[in-house]
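# Secondary and tertiary structure notes
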Amino acid sequence: EKTPVTILGLGAMGTALARAWLAAGHPLTVWNRTPARAAALAAEGARVADTAAEAVAANTLTVVCLLDDASVGEVLAGTDLTGRDLVNLTTGTPAQARARAEWARARGARYLDGGIMAVPPIIGVPETGGYVFYSGPRELFDRHRATLGVPAGTTYVGEDPGFAALHDVALLSAMYGMFAGVAHAFALISKEDIDPAALAPLLADWLAAMAPAVHQTADRLRSGDYTKGVVSSLAMQVAGTPTFLSTAEQQGVSPELLAPYFELIRRRLAEGGGEEDVTGVIDLLVR
Ligand code: NDP
């Protein structure tokens, strides 16, 4: 028997999650503030609850996927959570997740927080590699692991309910750094007779080739030795910064995305980090 699931929130993501559970044969109860969004799912076999309270009462396991933490508070306010297993896949901060876990505990519920590393079209398509970070009680995660693994992969990151959100935000923050670099690269060639489509594969391959450097960074952070085996010293890298800034100027491109990073590596060099790689930037960021 497949575990019955309740889903609160049928936006783009909630609907994709609902479809994946329905397709896998899980009895499903759904609720959405705007009832029209539940119509298609009803036709596909979901039971539509009239209220969030009724949806929560229907099954032990309730998955929440709403816009933000405030909407989660609003929707769950009128529900009886006693003895319920609440899985919150709404994006939020670690602090919001911790507060929500405490809030749920005070109402008699067990609580897992999640951070979705996938977009709706890849939900329910396991070969795409989409997954969800989970944090909270290990035994609760283990109990629902098979069910939670239906729409996407599951990656458990710890008992602290804030850790799923923290991992989610850490990965997405790194992504924005990458997007920033990519924007600068395309801007550099924009006035030249260079096809962006010709640069794209070179960029993609280069970023993929550089990505494993994160393992070296982790090794350095763990050992505390930022100098061992360094092949591209900070001193050398800082000496190269005028090349990047002058090229930007020559191409009529603002250095505003690149300059803050250069400021940090210069500061680390000034503080004596010339023999290191760029790991010391992390120490400058942590206040
Ligand atoms: P949508 O904007 O498509 O849907 C938002 C949902 O929240 C709707 O069901 C909406 O109800 C509901 N909602 C908003 N405010 C309230 C409220 N005050 N009371 C009751 N219900 C409310 O968002 P998504 O489905 O795309 O995203 C849901 C969550 O998933 C977000 O936290 C998002 O960050 C996360 N996520 C989304 C990804 C994506 O690519 N879409 C990727 C990874 C995470 P109604 O229909 O009535 O408006």
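Analysis parameters
Residues numbered from 1 in each chain as written. Predicted model: local features only at pLDDT ≥ 70, side-chain atom pairs only at ≥ 80, totals over all residues. Buried ≥ 20, exposed ≤ 12 C-beta atoms within 10 Å, placed from the backbone. Helix = DSSP H or I, 4+ residues; strand = E, 2+ residues; numbered from the N terminus. Pairing = 2+ DSSP bridges. Right-handed = clockwise from strand over helix to strand, strands pointing away. Near = placed C-beta within 6 Å. Nonpolar A, V, L, I, M, F, W, Y, C, P; charged D, E, K, R; others polar. Axes fitted to C-alpha atoms, helices over the stretch in contact; angles between N-to-C directions. Parallel < 35°, antiparallel > 145°, perpendicular 65-115°, else oblique. Left-handed = near helix turned anticlockwise from the far one by under 90°. Contact = placed C-beta atoms within 7 Å. UniProt positions renumbered as here; feature names shortened; annotations may be inferred. Core = buried A, V, L, I, M, F, W, Y, C linked by C-beta atoms within 7 Å. Expected span 1.5 Å × (residues − 1). Domains from an automatic or database assignment.

Of the two faces of strand β4 (residues 61-64), the one carrying Leu-61 and Val-63 and the one carrying Thr-62 and Val-64 are both buried. Here strand β1 (residues 5-8) pairs with β4 via four bridges, running parallel. Across the sheet, the residue bridging to Leu-8 is Val-64, located in β4. The pairing of β4 with strand β5 (residues 85-88) spans four bridges and is classified as parallel. Paired with Val-64 across the two strands is Asn-88, which belongs to β5. Between β4 and its parallel partner β5, the chain crosses via helix α4 (residues 69-76), and the hand of that crossover is right-handed.

Moving on, we get to the site of the ligand. Near the ligand there are 21 residues, and of these Gly-11, Met-13, Arg-33, Thr-34 and Thr-91 occur at the shortest range. Tallied by class, the residues present in the shell around the ligand amount to ten nonpolar, eight polar and three charged.

Turning to the packing of helix α10 (residues 234-250) against helix α11 (residues 259-270), a few remarks are in order. Where α10 meets α11, the closest approach of the two axes is 10 Å, and the angle between their N-to-C directions is 135°. If you check the angle between α10 and α11, you find them oblique. Considering how the two elements wind past one another, α10 and α11 form a crossing that is left-handed. Together, Leu-234, Ala-235, Gln-237, Val-238 and Thr-241 of α10 and Phe-262, Ile-265, Arg-266, Arg-268 and Leu-269 of α11 make up the contact between the two elements.

Within this structure's numbering, the places UniProt gives as "domain: 6-phosphogluconate dehydrogenase NADP-binding" (unreviewed entry) are residues 5-117. This span, residues 5-117, is 40% helix and 23% strand, and a straight line between its end C-alpha atoms measures 21 Å.

With that settled, the discussion passes to the UniProt feature "domain: NADPH-dependent reductive aminase-like C-terminal" (unreviewed entry) in the protein. The feature "domain: NADPH-dependent reductive aminase-like C-terminal" (unreviewed entry), as annotated in UniProt, sits at residues 160-285 in this numbering. Helix makes up 70% of residues 160-285 and strand makes up 0%, while its end C-alpha atoms are separated by 23 Å.

Time to look at the nonpolar core. In this structure, Ile-7, Leu-17, Ala-18, Val-30 and Val-63 are the most contacted members of the largest nonpolar core, which totals 52 residues. Here this core gets six residues from one element, more than from any other, and that element is helix α1 (residues 12-23).

Moving on, we get to α11. Under the 1.5 Å per step criterion, the end-to-end length of α11 is 16 Å for twelve residues, consistent within 8% with the ideal 16 Å. A positive backbone phi angle near 105° is found at Gly-272, which sits one or two residues after α11.

Right, let's get into the domain arrangement of the protein. Once the domains are mapped, the protein shows domain 1 (5-160) and domain 2 (166-285). Computed from C-alpha atoms alone, the centre-to-centre distance between domain 1 and domain 2 is 37 Å. Between domain 1 and domain 2, the contact holds six residues from the first and four residues from the second. Of the residues contributing to the side of domain 1 that touches domain 2, the split by class is four nonpolar, two polar and no charged.

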